[in-house]
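Read off the chains here:
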Amino acid sequence: MDCGEGTQIQMQRYGLKWRSVHHIFISHLHGDHYFGLPGLINSMSLLGRTADLHLYAPAALKPIIDGILDVADTVLSYPLYFHPLPDGVALLADDPAFSVTCFPVEHRIQCHGFLVERKTKGRKIVPEKCNEYEIPAAYYDKLKLGQDYERKDGFLVKNEWVTDEGPSPKKYAYCADTLFTDSFIDVIKGADTIYHECTYLEADADKAAARFHSTAKQAAEIAKMADAKQLLLGHFSSKYKELEAFREEAEVIFPNVHVSIEGTAYEV
Ligand SMILES: [Zn+2]
Ligand SMILES: [Zn+2]
């Protein structure tokens with residue numbers, strides 16, 4: 001989600017593989033959200049990528065990318081599919097494991113947030129146990145749904161003996177750059193984790209509103225209104241050298257809050 005300047009360098013630094021990236025979502029066309037994209041697209045081609053890559057972004061990005069490739073006479077080694085973001089709430093990607101929905105937020109230019117929903121895949125098969133109880137693989141789909149298995153000899157194999165609890169469904173809402181607004185609360189309601197920008201502290205609330213950004217207090221109010229379980233703060237103005245004040249301001253309203261630090265992984 002978003003691809004600021006230096007993204008490919010940071011991916012290398014933190015051991016993130018470009019081969020595992022199949023979908024890229026760009027919230028809006030301020031440079032801090034996409035200036036790393038041309039380099040990443042180009043490097044994947046130089047490194048011989050062949051797998052499809054899906055890019056979801058404001059329509060105006062397509063001629064920019066096409067122009068960069070054209071002037072260099074570059075033909076990518078892989079298919080790049082461009083999906084322009086629609087105006088409203090829309091389902092963008094629907095994979096067996098997850099879905100991604102975009103929703104409009106309020107920024108100085110057109111901007112979208114993204115809601116990622118991990119789907120539940122039912123219970124997790126433990127193959128060694130299934131072999132031990134002589135359960136045919138054809139029955140695995142029923143085991144995933146929680147059913148027991150009755151063997152031909154009448155012996156009943158309890159589901160919990162041969163399966164583990166599967167991953168639970170999760171919701172992650174990335175609210176991009178936005179001023180304080182509850183206009184998208186319905187979409188992000190009940191999210192396990194919300195990322196919300198807070199470019200400023202509340203003392204600079206006027207500046208935040210004028211520049212279509214939010215404060216830490218406002219981000220916390222959104223998380224509370226949305227009934228979220230966890231809040232990640234980010235997009236801090238570079239004028240602040242110390243970030244602890246963001247957490248302190250937010251936690252008064254919403255206790256489970258983290259100041260997100262680049263290179264750190266947070267569990268949704
Ligand atoms: Zn912006
Ligand atoms: Zn930004």
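Definitions and cut-offs
Residues numbered from 1 in each chain as written. Chains lettered and ligands numbered in written order. Predicted model: local features only at pLDDT ≥ 70, side-chain atom pairs only at ≥ 80, totals over all residues. Heavy atoms only, no water. 1 Å grid on protein atoms, 1.4 Å probe; cavity = no way out; pocket = protein on both sides within 12 Å on 5 of 7 lines; lining within 4 Å. Points joined across faces, edges and corners; volume = space filled by probe spheres on them. Helix = DSSP H or I, 4+ residues; strand = E, 2+ residues; numbered from the N terminus. Buried < 20%, exposed > 50% of the residue type's maximum accessible area, 1.4 Å probe, protein only. Arc of directions from axis to C-beta. Contact = heavy atoms within 4.5 Å. Donors = N, O, S within 2.8 Å, 3.2 Å for Na, K, Ca; no water. Tetrahedral: all angles 85-135°; square planar, octahedral: opposite > 155°, others 65-115°. Pairing = 2+ DSSP bridges. Axes fitted to C-alpha atoms, helices over the stretch in contact; angles between N-to-C directions.

Q: What is the right way to read the layout of surface pockets from this model?
A: Considered as a void within the structure, the largest pocket measures approximately 2100 Å³ in volume. As for the largest pocket, its lining consists of 44 residues, and the residues nearest its centre are Met1, Asp2, Leu16, Tyr172 and Tyr174. Elements with a contribution of two residues or more to the lining of the largest pocket: helix H1 (7–13), strand E1 (23–25), strand E5 (98–104), strand E6 (112–118), strand E11 (170–174) and strand E13 (230–234). With four residues, the single largest contributor to the lining of the largest pocket is E11. Counted as a void, the second largest pocket has a volume near 180 Å³. If you go around the second largest pocket, the residues you meet are Gln8, Met11, Gln12, Gly15, Leu16, Lys17, Trp18, Leu40, Ser43, Met44 and Leu47. For the lining of the second largest pocket, the secondary-structure elements that each account for two or more residues are H1 and helix H2 (37–46).

Q: Can you help me understand helix H10 (residues 244–251) in this one?
A: Residue pairs three or four apart in sequence face the same way in an α-helix, which turns once every 3.6 residues. Among the residues of H10, Phe246, Glu249 and Ala250 are the ones counted as buried. Projected onto a plane normal to the axis of H10, the buried residues spread over an arc of 95 degrees and lie on a single side. Tucked into the core, H10 has its buried residues touching helix H9 (216–225), E13 and strand E14 (257–259).

Q: Any chance you could explain the coordination of the zinc ion (ligand 2) here in plain terms?
A: By definition of the ideal shapes, a tetrahedral metal site with four donors has angles of 109.5 degrees and an octahedral site with six donors has angles of 90 or 180 degrees. The zinc ion (ligand 2) binds to the protein through Asp32 (OD), His33 (NE2), Asp177 (OD) and His235 (NE2), with metal-donor distances spanning 2.1 to 2.2 Å. Every donor counted, the four donor atoms about the zinc ion (ligand 2) form angles of 88 to 170 degrees at the centre, which fits irregular coordination. Each donor residue of the zinc ion (ligand 2) lies on one chain, and together they are spaced D-H-x143-D-x57-H. Here the zinc ion (ligand 2) and the zinc ion (ligand 1) are spaced 3.5 Å apart, and both take aspartate 177 as a donor. Remark: histidine 235 occurs in the loop between E13 and H10 and histidine 33 occurs in the loop between E1 and H2; sequence separation between them is 202 residues.

Q: I would appreciate a short explanation of the sheet that holds strand E3 (residues 80–84) in the present structure.
A: The strands making up a sheet associate through hydrogen bonds between their backbones, and the pairing can be parallel or antiparallel. Judged by pairing direction, the sheet is parallel, and its three strands sit side by side in the order E1-E2-E3 without closing on themselves. Lying at the two open borders of the sheet, with one neighbouring strand each, are E1 and E3. Direction aside, the axes of adjacent strands within the sheet are offset by 20 degrees on average. Bridge count for E1 against strand E2 (residues 53–57) is three bridges, and the pairing is parallel. Opposite isoleucine 24, over in E2, you have leucine 55 as the bridge partner. Its contacts with the sheet put H2 on E1, E2 and E3, and the angle it makes with E2 is roughly 170 degrees.

Q: Just checking my understanding: could you explain the sheet that holds strand E4 (residues 90–94) for this structure?
A: Pairing is mixed across the open sheet formed by seven strands, whose spatial order is E4-E5-E6-E11-E12-E13-E14. In this open sheet, the two edge strands, each paired with only one partner strand, are E4 and E14. Neighbour-to-neighbour, the strand axes of this sheet turn through a mean angle of 20 degrees, independent of strand direction. Along the sheet, H10 makes contact with E13 and E14, crossing E14 at roughly 165 degrees.

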